[in-house]
Amino acid sequence: MADVMIMNDTEARAAAAGIDCSLIDLNSIQLPPGENFGIISDDEDVYQEEQLDFETGFGNIIVVDNLPVVPREKFEKLEGVIRKIYGQIGVIKDDGVWMPVDAETQKTLGYCFIEYNTSQEAELAKEKTNGYKLDRSHIFAVNMFDDFAKFMRVPDEWAPPEIRPYVPGENLQCWLTDEKARDQFVIRAGSDTEVFWNDARQLKPDPVYKRAYWTESFVQWSPLGTYLATVHRQGAAVWGGASTFNRLMRYAHPQVKLIDFSPGEKYLVTYSSHEPSNPRDANRIVINIFDVRTGKVMRDFRGSADEFAIGGTGGVAGVSWPIFRWVGGKDDKYFAKIGKNMISVYETETFSLIDKKSLKVENVMDFSWSPTDPILALFVPELAGGNQPARVSLVQIPSKEELRQKNLFSVSDCKMYWQSNGDYLAVKVDRYTKSKRTTYTGFELFRIKERDIPIEVLELDNKNDKIIAFAWEPKGHRFAVIHGDSPRPDVSFYSMRTAHNTGRVSKLTTLKGKQANALFWSPTGHYIILAGLKGFNGQLEFYNVDELETMATTEHFMATDIEWDPTGRYVATSVTSVHHEMENGFNIWSFNGKLLYRILKDHFFQFLWRPRPPSFLSPEKEEEIANNLKKYSKKYEAEDQDVSLQLSEQDREKRRMLKDEWDKWVNEWKQLHEEEKLERQKLRDGEASDEEEEYEAKEIEVEELLDVSEEVLSFEFGQE
């Protein structure tokens, strides 16, 4: 009936256009292929941008061949074996296992179809079980269901493949070649995400790229600055390029909440937490590890939140993030996670456990990698009511050999801090006093690179002081400690070297009564910011540790975050709307505390400097440049002078423009004053002069009746 109505409507429109449908052979009309007949919609580019094709076709179905051929009475047993094997890899849909049966023999045909919830699970199942040996006679051959259509399209005769011309990709490190040696940063404010150059010479940011709704929660640079990652409901994506930030890869992970890169940018870890159907059950955690360049899932981990919450709290749903911690360096060779009484260390060649087993450590509470070497530092608290002391151990990977161990007694808490070069490890130990009612703090200092790894014990002058913050000097031998009671604790600086280099820690100085609760070293060392954030109202002290002197004292009111640029030349302080609704935005400062410029942004969420990869220069070359800095600096001093002159000229031009604008305004009013002269003369009864001195002031009294009202008054007369 509908077809008849459509045909009648078509004939009516043809008649109105003067076309005789009886003369047209409708069967000869060939429409262009495709649902849109080759006509691209105005919003097709938007559709292509937003539409994710992760779950199209039958990509979530695999075909498992070389199964045992069994009669109907053994169907249930065989299906149970299949579900046990493939259910460990992912979630199989209800009725997701189907084994075809021979109609005559009523036996299985030796293969089955398995349907997962997602195509990623199906891909992983194919990768893990293709070639799986069930027994001597049955070795699985696993294919994707979608592959069969591809196999059927293979021509009978071979034809040489088409050779496509090579198109070079965009240089993802192009931003490092900026002629002005500027650094980039990204901000999020409102619905916009923007990337800028920090043009400190011009005292303003220089826009690079801006996009609305670029991410649904946050953005994150990769550790070497190659990629910018965004997070979406369907998964994560990475972007890169010189100035346009093209999308380079997508990573399908529905409802992803957190992401983490490996130090060498080879892998991306994504995390999601899903609420169970039964409120009494724990959240279900899904973690995927992707190859950054190919987007392939290298390994996934699934389990309850309880399984991943061991060893710490925080992050999301009680899970400490990152769950997997990577070995330092650019090789990305190992990663590890803490479990109940064990540390599981994986190698990325096969993404399996080293030696196919975890490192057994009873009651292990925390661990951390050396930033440069495959060495694990482990902390184990006291056991058996204090009869077995707490300990910190250093373990070499992959041999799992214990390099050093230190027993610790009466321990309340312990925290480990690695120096950036892996030269030193500081262990902050909170110990109970004899009464067990109070605690005091000391440090165990490991010299990792020295023979037998000697350990020193450091106690503050007042060992009862509370430790508020601790920080190593990057690439250096010094560290800073904030200790004492708020609101004015002390700040002490120590060195792992002495004047005679005897290998003893020594105190350099103590700064008394500072409004500080956080420490921020320059990435190149030498300088540090003593910061009083949040409750301390943004107090900032820029301190030169080489000279032991304050360079500047200032504030960024209500500052919540501080971040040095990767070169140590500039510092960003910011106030985010997560903590405060007022004065949102960021300030850019020089390394010695001079305010360069200030940007206010409503609903300001994030500020992140773009990291730089390590320099290719050898230490000897860097030292040579430092020794000949005066020779190189002449060129840049001349450039700075040119910029200074340019800024001065810009200031003069601005003042000229303001003066011209003022003169123009005055002339306009003079002209208007002249045009209204006759009107003023008329209002003054013919007096022509505008000069007040030529008039005589007279006082005139004017009586004016404002209001008249009547009121009836009643009188009462008393009787005598």
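It should be emphasised that the depicted structure is a prediction, and the values quoted were computed from it without experimental measurement.

### Notes on the overall build of the protein
Okay, step 1: Each helix and strand in the protein was counted, giving nine helices and 43 strands.
Okay, step 2: Relative to its full complement of 720 residues, the protein shows a buried share of 39%.
Okay, step 3: Summarising the internal contacts of the protein: among those between residues at least 6 apart in sequence, 46% fall at separations of at least 24.

### Topic: the side chain of Arg 610
Okay, step 1: With respect to the element layout, Arg 610 can be found in the loop between strand E43 (604–609) and helix H7 (619–627).
Okay, step 2: In this structure Arg 610 is buried but unpaired, with Glu 265 as the nearest side chain of opposite charge at 8.0 Å.
Okay, step 3: At 2.7 Å, the side chain of Arg 610 forms a polar contact with the side chain of Gln 184.
Okay, step 4: Polar contacts involving the side chain of Arg 610 include one to the main-chain carbonyl oxygen of Gly 225, which spans 2.7 Å.

### Some details on the sheet that holds strand E29 (residues 439–447)
Okay, step 1: One open sheet accounts for four strands, arranged E27-E28-E29-E30; its pairing is antiparallel. The two strands at the open ends of the sheet, each matched to only one other strand, are strand E27 (411–418) and strand E30 (455–459). Pairs of neighbouring strands in the sheet enclose a mean axial angle of 20°, with direction left out of account.
Okay, step 2: Bridge count between E29 and E30: five bridges; the pairing is antiparallel.

### Observations regarding the sheet that holds strand E15 (residues 267–274)
Okay, step 1: Across the sheet, which stays open at both edges, the four strands sit in the order E14-E15-E16-E17 with antiparallel pairing between neighbours. The open sheet is flanked by strand E14 (258–261) and strand E17 (297–304), the only strands paired with a single partner. Neighbour-to-neighbour, the strand axes of the sheet open up by a mean angle of 15°, direction not taken into account.
Okay, step 2: Across seven bridges, strand E16 (residues 284–291) lies against E17 in antiparallel orientation. Opposite Asn 288, over in E17, you have Asp 300 as the bridge partner.

### Overview of the packing of aromatic side chains
Okay, step 1: Enumeration over the complete set of coordinates arrives at 43 aromatic pairs.
Okay, step 2: Consider the rings of Trp 214 and Trp 239, whose centres lie 5.5 Å apart with planes at 80°: the pair is edge-to-face. Here Trp 214 is found in the loop between strand E9 (204–212) and strand E10 (219–221), whereas its partner Trp 239 is found in strand E12 (residues 235–240), with 25 residues between them in sequence.
Okay, step 3: Under the relative-accessibility criterion, Trp 239 is labelled buried at 4%.
Okay, step 4: Over the aromatic face of Phe 367 sits the side chain of Arg 325, whose NZ or CZ is 4.6 Å from the ring centroid.
Okay, step 5: Over the aromatic face of Tyr 440 sits the side chain of Lys 463, whose NZ or CZ is 4.6 Å from the ring centroid.

### What to know about the pattern of salt bridges
Okay, step 1: Taken as a whole and judged by the stated rule, the model has 34 salt bridges.
Okay, step 2: For Lys 601, the salt bridge goes to Glu 194, with nearest N and O atoms at 3.2 Å. One end of the pair, Lys 601, is in the loop between strand E42 (595–600) and E43; the other, Glu 194, is in strand E8 (residues 192–199), and 407 residues separate them in sequence.
Okay, step 3: Classification of Lys 601 as partly exposed rests on a relative accessible area of 23%.
Okay, step 4: Under the relative-accessibility criterion, Glu 194 is labelled buried at 11%.
Okay, step 5: In this structure, Arg 504 and Glu 456 form a salt bridge, with 3.7 Å as the shortest nitrogen-oxygen distance. Of the two residues, Arg 504 is situated in the loop between strand E33 (490–495) and strand E34 (506–511) and Glu 456 in strand E30; the sequence distance between them amounts to 48 residues.
Okay, step 6: Residue classification places Glu 456 among the buried positions, given a relative accessible area of 6%.
Okay, step 7: Members of the salt-bridge network, linked through shared partners, are Asp 178, Lys 180, Arg 182, Asp 199 and Asp 206.

### Considering unusual backbone geometry
Okay, step 1: The omega torsion across Trp 321 and Pro 322 is 0°, close enough to zero to call that bond cis.
Okay, step 2: Between Ser 486 and the following residue, Pro 487, the backbone shows a cis peptide bond with an omega angle of 10°.
Okay, step 3: Note that Pro 487 resides in the loop between strand E32 (478–483) and E33.
Okay, step 4: For Lys 356, which is not glycine, the phi torsion reads 60° and is therefore positive.
Okay, step 5: According to the relative accessible area criterion, Lys 356 is exposed, its value standing at 78%.
Okay, step 6: Positive phi outside glycine occurs at His 603, with the angle close to 50°.
Okay, step 7: Topologically, His 603 is positioned in the loop between E42 and E43.
Okay, step 8: Using a relative accessible area of 46% as the deciding quantity, one classes His 603 as partly exposed.

### Some remarks on the environment of Gly 593
Okay, step 1: With respect to the secondary-structure elements, Gly 593 resides in the loop between strand E41 (585–590) and E42.
Okay, step 2: On the basis of relative accessible area, Gly 593 is assigned to the buried category, the value being 13%.
Okay, step 3: Residues Gly 593 and Thr 554, 39 residues apart in the sequence, show an inter-C-alpha distance of 7.6 Å.
Okay, step 4: Residues in contact with Gly 593, not counting those within four places in the same chain, are Phe 542 and Ala 552.

### Observations regarding the side chain of Glu 473
Okay, step 1: In this structure, Glu 473 sits in the loop between strand E31 (467–472) and E32.
Okay, step 2: A distance of 2.7 Å separates the side chain of Glu 473 from the side chain of Arg 478, its partner in a polar contact.

### Some details on the confidence of the model for the protein
Should the pLDDT be low somewhere, the predicted coordinates at that spot are not to be read in detail.
Okay, step 1: Taken as a whole, the protein shows an average pLDDT of 85; of its residues, 85% reach a score of 70 or greater.
Okay, step 2: Per-element confidence in the protein ranges from a low mean pLDDT of 41 for helix H2 (residues 44–50) to a high of 97 for E10.
Okay, step 3: Confidence drops under a pLDDT of 50 for residues 39–56, and excluding neighbours within four residues, the segment shows 18 contacts in the predicted structure.
Okay, step 4: Predicted confidence for residues 312–317 stays below pLDDT 50, and this span has 14 contacts to residues more than four positions away or in other chains.

### Examining helix H3 (residues 75–87)
Side chains that are three or four residues apart share a direction in an α-helix, a result of its 3.6 residues per turn.
Okay, step 1: Look at H3: 17 Å from first C-alpha to last across 13 residues, which is about the 18 Å you get at 1.5 Å a residue.
Okay, step 2: Elements in contact with the buried residues of H3: strand E1 (61–65), strand E2 (92–98), strand E3 (111–116), helix H4 (119–129), strand E4 (133–135) and strand E6 (141–144).

### Overview of a negative patch on the surface
Okay, step 1: Side chains of Glu 674, Glu 675, Glu 676 and Glu 679 sit close together on the surface and give a patch of like negative charge.
Okay, step 2: Checked against the element boundaries, Glu 679 lands in helix H9 (residues 677–683).
Okay, step 3: Using a relative accessible area of 46% as the deciding quantity, one classes Glu 679 as partly exposed.

### Here we look at the nonpolar core
Okay, step 1: Within the largest apolar cluster, 22 residues are counted, with the highest numbers of intra-cluster contacts made by Ile 62, Val 64, Ile 82, Tyr 86, Ile 114 and Tyr 116.
Okay, step 2: Contributing elements (two or more residues each) for this core: E1, H3, E2, E3, H4 and E6.
Okay, step 3: Ranked by the residues each element gives to this core, the list is headed by H3, at five residues.
Okay, step 4: Not counting residues up to four positions away in its chain, the partners in contact with Ile 114 are Asn 60, Ile 61, Ile 62, Val 64, Ile 82, Tyr 86, Ile 92, Gly 96 and Val 97.

### Observations concerning the pairing of strand E28 (residues 424–432)
Okay, step 1: Counting buried positions along E28 gives eight out of nine residues, so the element sits mostly inside the fold.
Okay, step 2: Where E27 lies against E28, seven bridges are found, and the strand directions are antiparallel. By the bridge assignment, Tyr 417 is partnered in E28 with Ala 426.
Okay, step 3: In this sheet, E29 lies alongside E28 in antiparallel orientation, the contact comprising nine bridges. Across the sheet, Arg 431 pairs through a bridge with Tyr 440, a residue of E29.
Okay, step 4: Here E28 folds back onto E29, and the loop between the two strands holds six residues, one of which, Lys 436, carries a positive phi near 65°.

Calculation criteria
- Residues numbered from 1 in each chain as written.
- Predicted model: local features only at pLDDT ≥ 70, side-chain atom pairs only at ≥ 80, totals over all residues.
- Heavy atoms only, no water.
- Helix = DSSP H or I, 4+ residues; strand = E, 2+ residues; numbered from the N terminus.
- Buried < 20%, exposed > 50% of the residue type's maximum accessible area, 1.4 Å probe, protein only.
- Contact = heavy atoms within 4.5 Å.
- Lys, Arg positive; Asp, Glu negative; His and termini not counted.
- Salt bridge = Lys/Arg side-chain N within 4 Å of Asp/Glu carboxyl O.
- Polar contact = N/O pair within 3.5 Å; in protein donor to acceptor, adjacent residues only side chain to side chain.
- Pairing = 2+ DSSP bridges.
- Axes fitted to C-alpha atoms, helices over the stretch in contact; angles between N-to-C directions.
- Phe/Tyr/Trp six-rings, centres within 6.5 Å; stacked < 30°, edge-to-face > 60°.
- Lys NZ or Arg CZ within 6 Å of the ring centre and 35° of its normal.
- pLDDT = per-residue confidence, 0-100.
- Expected span 1.5 Å × (residues − 1).
- Patch = residues over 30% accessible without salt bridge, like charges linked within 9 Å, V, L, I, M, F, W, Y side chains within 5 Å.
- Areas by Shrake-Rupley, 256 points an atom, 1.4 Å probe, with all protein chains shown as cover.
- Charge placed at Lys NZ, Arg CZ, Asp CG, Glu CD.
- Core = buried A, V, L, I, M, F, W, Y, C linked by side-chain atoms within 4.5 Å.

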